[in-house]
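Examining the three-dimensional arrangement
What follows is each chain in one-letter form.
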Amino acid sequence: MSIDPALRQRLHQLLADYGTKVRGLIESHGIGQYGIDPADIEQEVRIRLWKALERDRNAAFHTSYIQRVVLTTVIDAIRAANARPHEPLPESDESGATAFIEPAPGPERTASGVEDFDRIMACMAELPERRRKAVALHLQGFSLREIGQFSGTSEEAARKLLDRGMEALRERLAVTGFGEVDERT
Amino acid sequence: MNVREIANLYRRHTRHDHAALPEVDALLTLADGETGTHDERTLGDVGRYGLQADLLRFARDLAPESARLGVHLEQAFDQRSATHRGDRHASRATPRRPWLRAAGAVAAGLIVAISVWTSRPERVTPQVVAAKATTAGNTGDRIFAALERKGATGQSGDRIFQGEFAPDRIFSSTSGG
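Residues numbered from 1 in each chain as written. Chains lettered and ligands numbered in written order. Predicted model: local features only at pLDDT ≥ 70, side-chain atom pairs only at ≥ 80, totals over all residues.

**Focus: the overall build of chain A**
Tallying secondary structure elements over chain A gives 7 helices and 0 strands in all. Counting every position in chain A, which comprises 185 residues, the buried fraction comes to 28%. Of the contacts formed within chain A by residues at least 6 apart in sequence, a portion of 53% connects residues at least 24 apart. (Helix = DSSP H or I, 4+ residues; strand = E, 2+ residues; numbered from the N terminus. Buried ≥ 20, exposed ≤ 12 C-beta atoms within 10 Å, placed from the backbone. Contact = placed C-beta atoms within 7 Å.)

**Quick notes on the interface of chain B and chain A**
It is common to give the size of an interface as the accessible area that goes away when the parts come together. Taken together, the contact between chain B and chain A spans 45 residues of the former and 47 residues of the latter. Contributing elements (two or more residues each) for the side of chain B that touches chain A: α1 (3–15), α2 (24–32), α3 (39–48) and α4 (50–93) of chain B. The biggest single contributor to the side of chain B that touches chain A is α4 of chain B, with 21 residues. Split by residue class, the side of chain B that touches chain A holds 24 nonpolar, 11 polar and 10 charged. (Nonpolar A, V, L, I, M, F, W, Y, C, P; charged D, E, K, R; others polar.)

**Structural notes on the environment of Glu23 of chain B**
Relative to the helices and strands, Glu23 of chain B is located in the loop between α1 and α2. In the structure, Glu23 of chain B is positioned 29 residues away from Gln52 of chain B in sequence and 9.7 Å away in space, judged by C-alpha atoms.

**What to know about the environment of Tyr18 of chain A**
Summarising the element assignment, Tyr18 of chain A is placed in helix α1 (residues 5–28). Tyr18 of chain A has contacts with Glu65 and Leu69 of chain B, leaving out every residue within four places of it along the chain.

**A closer look at the packing of helix α5 (residues 129–139) of chain A against helix α7 (residues 155–175) of chain A**
All names here are of chain A. Their axes nearest at 8 Å, the elements α5 and α7 cross at an angle of 90°. By the angle between their axes, α5 is roughly perpendicular relative to α7. Contact residues: α5 offers Arg130, Arg131, Arg132, Ala134, Val135 and His138, while α7 offers Ala158, Leu161, Leu162, Arg164, Gly165, Met166, Ala168 and Leu169. Its residues assigned to classes, the contact of α5 with α7 comprises 8 nonpolar, 2 polar and 4 charged. (Axes fitted to C-alpha atoms, helices over the stretch in contact; angles between N-to-C directions. Parallel < 35°, antiparallel > 145°, perpendicular 65-115°, else oblique.)

**Considering the nonpolar core**
Membership of the largest hydrophobic core comes to 57 residues, with the highest contact counts inside it found for Val70 of chain A together with Leu27, Leu30, Leu56 and Ala59 of chain B. Among residues more than four places away in sequence, those in contact with Val70 of chain A are Val22 and Val45 of chain A together with Leu62 of chain B. (Core = buried A, V, L, I, M, F, W, Y, C linked by C-beta atoms within 7 Å.)

Just distances and angles here, no functional claims.
The structure is reproduced here in structure tokens:
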């Protein structure tokens, strides 16, 4: 498909604006922590969408198509990052100066943090599946509305599932010596 | 420990624990709020793995921006097409030389008239051909034949030619007065 210069410039501008927004979303959602560079994703998304426009411009107008291009780009980048061998940490120099200042280990970074996590996982595994999923999604930070939407139920039904699931989890954790879980969030 | 601390602990430990990366379509189905056949497994993975939860949140927040881009792209193409159409209409509607246009119209009219004249249907049947063949020799000039018939029969023919040519009244009255 031939694209005249004026239209080409306009399309490049639109894709550039969109790429900037994608980059912002990647950064705000902490996706960068999975070993990807948001700037690389921004660039790659622009290239892929431009190719899609040249190939079949009608397809590129659909929201789901654009989302798929971005998500595929992100997941491909994460996969590539996982496949890369990790660079070894630099060793201390001969003067004995410490290269890194280790942050003080908080309660979640200690061995007890791992133990606590394992205990939580063990207790969650005993929950009925639907309640377990509702609890897991809640702990991942999703709202009741989102949990209901993902589960194909109403927000009220999701709330009941979550309440019962959290209650059962607290009881089980108490039995395992985890201590009392405050209901406050 | 309260629920928030438990949630933080859970997220921290599930963040880098991803056995498999999610399927894009399944994630988009969940993000759209649609229920599919493999949603249960994907939903379980979203709850279990921090990466998948983050990607699902990312996909949900990406939807409005993606929809906006789609609309803007379509508008850009539509506007460009409309501009092109406008240019073509304008070039067709505005004659460059009016006299050339008039001459063209006259020429076109002449061509149409000639073509209509030459394409008049002429019914040629065998009877017509035979009649022409028999009368061709003895009819002669029809105008003079008619004059001869008139003289022979005394019948009134064309009133105009048969009318008596009265003298010009204007001149007769002036000459008579």
